[in-house]
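Spelled out, the chains give:
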Amino acid sequence: MRHFAAPARLILALAALVLLTSPALADGGRYALVIGNSAYKDKPLKNPANDAKDMGRVLQRLGFDVQLKTDVGLRDMEEAIREFGVRLKRGGVGLFYFAGHGVQVQGVNYLVPIGARISSESDAKFESVDAGRVLGKMEDAGNELNIVILDACRNNPFARSFRSADQGLARMDAPTGSIVAYATAPNSVASDGKGANGMYTKYLLENMTTPGIPIEEVFKRVRIGVMGESAKKQVPWESSSIAGYFFLAGPPQSASPVRTQQSTLEQRQQEQKLKEYIAGLEAERRQVEQERADLERRRQQLDQEAAKKLAEAQAPQEKRLKEQLAVLEAERRKLEQERLALELARRETERQQAAQAVQAKQQAKQGPTAKAGASGVAVPGPLASVDVPKPLPQPPPQRPRVDDRATVLGRLAGVWRLETDGNWNFPMLQLKPGGDTLYGTLLGEERLLSRVELTGLAVEDGSLHVRMDIARPAQQQPRARLRDFLGGRQQGPVRTIECVGNLRGLEAGDIALVCERLDGGARKKETGRMVRSGGSRGF
């Protein structure tokens, strides 16, 4: 009942109050097809078969030629509809009544026969009867008036296997000269009833035999009765394109003025009740809108509170990360200073070695005399004494170097694949020497390269140092960030990885690796290796 706005219901109700001015429809031949299915295997219904039998008896009393079918399968339903369409071509009035299970799939209504095997939405079109097929047969017949009554808006028995959550039947527009009546509003569910008949059919049977009221008035009285019994939870619905009057139980008879006044008074009472129901529906609509606004306001408040709590929970972690970054920056500066000091010491040692080499050459040119004087032995003859300088202190012995730097850099030239035991995902690394410097470039898929940046590359003390920054995916949700925080994982947007390779295995093309995170996250080390890609070497 709440699926439709009250203005639509208001328009329908007011339209029912207006008397049509066109002439009454001719009351020629009357043909009816009545079907009631109760004996479903999975979800049997109590009332449809009884509803169909009672409806058939009433329609026979009202002059209809009735085809009655109960608990029929697909082929029997299709054959009955085909025969019904043939009979309608004789002209007159046609009435189709169906009680049982009905489902809608993508806006199309299907009437479910007995024995239908429906396990998904796609099965409905092959195992059920399209309700539009009945309207099509009526429209093809070209007769004067057609009435379709669908008491098939009960719960969908196959809802668990359907993708959509639509309930009840979808609205169908009535062709010209037709009226389509539903047990309840579109997309709503009707009650099967507690007695021998369904709630909708019970009030329909009570009002169909009232003489002197048009078909629209019959359905209006049914709607008032159903709304009253269901406390407005079930609201019958019609779609009509009738341009004249049709009386199921015959046109009104001439009556005395007293009888006419009583009928007028009863009609006004019915209209007043309908207006009261409409006013109640409008008040209920306003209440629903207010509840919806309150829920939306509460949801926004909850979202703001959740964001605030998340920020408060992340604040200590962010502070700790900033402190860790400051410590890392201080360590980096310290290491840079130590590297500069080592470079200065190396240059000083080389300078001293060069000076000693020059002095040794000068002593060699002076010959034996200089050597004897240096040993402190007196030299005969008139030679003047010579001051021999004291020998310079010898530097500590240097460790033998296996290869010079240029040779190592040349062997590193090529494309390398970085592999770890934990299957960390790295791009390919292309190395190229340039003088005393090693240059590197990352290669691989664009998706991976967009997240990985080579930030450091050095060869020191027989080791290759490779440092990379790996950005987190941009689509990470706040819930995933909170989960990382609670699990003690890194929350920053970038992870810094440093891999150190032992160059002893360089000649064999297989360099042992040790990789470690440096961004304050879990400092787990991963072992691995660098392998030449495709055996390529050099440029």
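The following paragraphs examine the structure supplied in this document. As the structure is a computational prediction, the values presented were derived from the model and not from experiment.

Some thoughts on the state of the cysteines
Evaluated as defined, the whole model comprises one disulfide. Each sulfur of the disulfide joining Cys 499 and Cys 515 lies 2.1 Å from the other. Here Cys 499 and Cys 515 share a disulfide; its torsion about the S-S bond, 110 degrees, makes the bridge right-handed. Here Cys 499, found in strand 15 (residues 494–502), pairs with Cys 515, found in strand 16 (residues 510–517); they are 16 residues apart in sequence, far enough to count as distant. Across this residue pair, the class does not change: Cys 499 and Cys 515 are buried.

A look at the pairing of strand 5 (residues 108–111)
With four bridges connecting them, strand 4 (residues 102–105) and strand 5 associate as antiparallel partners. Within the sheet, the bridge partner assigned to Val 105 lies in strand 5 and is Val 108. What sits between the antiparallel neighbours strand 4 and strand 5 is a turn of two residues, in which Gln 106 has the positive phi angle 55 degrees.

Considerations on the environment of Glu 206
Among the structural elements, Glu 206 can be located in helix 6 (residues 199–208). Overall, Glu 206 belongs to the partly exposed group, its relative accessible area being 48%. As a C-alpha pair, Glu 206 and Val 58 span 148 residues in sequence and 9.8 Å in three-dimensional space.

Structural notes on helix 3 (residues 74–88)
Residue pairs spaced three or four apart in an α-helix point in one direction, given the helix's 3.6 residues per turn. Taking 1.5 Å per residue as the helical rise, helix 3 with its 15 residues ought to reach 21 Å, and the 21 Å between its terminal C-alpha atoms agrees with that figure. Turning to helix 3, its buried residues number three or more, namely Met 77, Ala 80, Ile 81, Phe 84, Gly 85, Arg 87 and Leu 88. Summarising the axial view, the buried residues of helix 3 lie within an arc of 160 degrees, below the 170-degree limit, and thus occupy one face.

Notes on the nonpolar core
Grouped together as the largest cluster of nonpolar side chains are 35 residues, with contacts concentrated most on Phe 96, Phe 98 and Leu 150. Sequence-distant contacts of Phe 98, defined by excluding residues within four places in its chain, comprise Ile 35, Asn 37, Tyr 40, Met 77, Leu 111, Val 112, Ile 149, Leu 150, Asp 151 and Ala 152. The next biggest cluster of nonpolar side chains, apart from the first, holds 34 residues, and it includes Phe 64, Leu 145, Met 199 and Val 222.

A look at the sheet that holds strand 8 (residues 178–182)
One open sheet accounts for six strands, arranged 2-1-3-7-8-9; its pairing is mixed. In this open sheet, the two strands that pair with only one neighbour each are strand 2 (65–70) and strand 9 (237–240). In this sheet, adjacent strand axes meet at a mean angle of 10 degrees when their direction is disregarded. Examined bridge by bridge, strand 8 and strand 9 share four bridges and lie antiparallel to one another. Across the sheet, residue Ala 181 finds its bridge partner in strand 9, namely Glu 238. Lying on the sheet, helix 7 (residues 215–229) is in contact with strand 7 (145–151), strand 8 and strand 9; it crosses strand 7 at an angle near 15 degrees.

About the thresholds
Residues numbered from 1 in each chain as written. Predicted model: local features only at pLDDT ≥ 70, side-chain atom pairs only at ≥ 80, totals over all residues. Heavy atoms only, no water. Disulfide = S-S within 2.5 Å. Helix = DSSP H or I, 4+ residues; strand = E, 2+ residues; numbered from the N terminus. Buried < 20%, exposed > 50% of the residue type's maximum accessible area, 1.4 Å probe, protein only. Pairing = 2+ DSSP bridges. Expected span 1.5 Å × (residues − 1). Arc of directions from axis to C-beta. Core = buried A, V, L, I, M, F, W, Y, C linked by side-chain atoms within 4.5 Å. Contact = heavy atoms within 4.5 Å. Axes fitted to C-alpha atoms, helices over the stretch in contact; angles between N-to-C directions.

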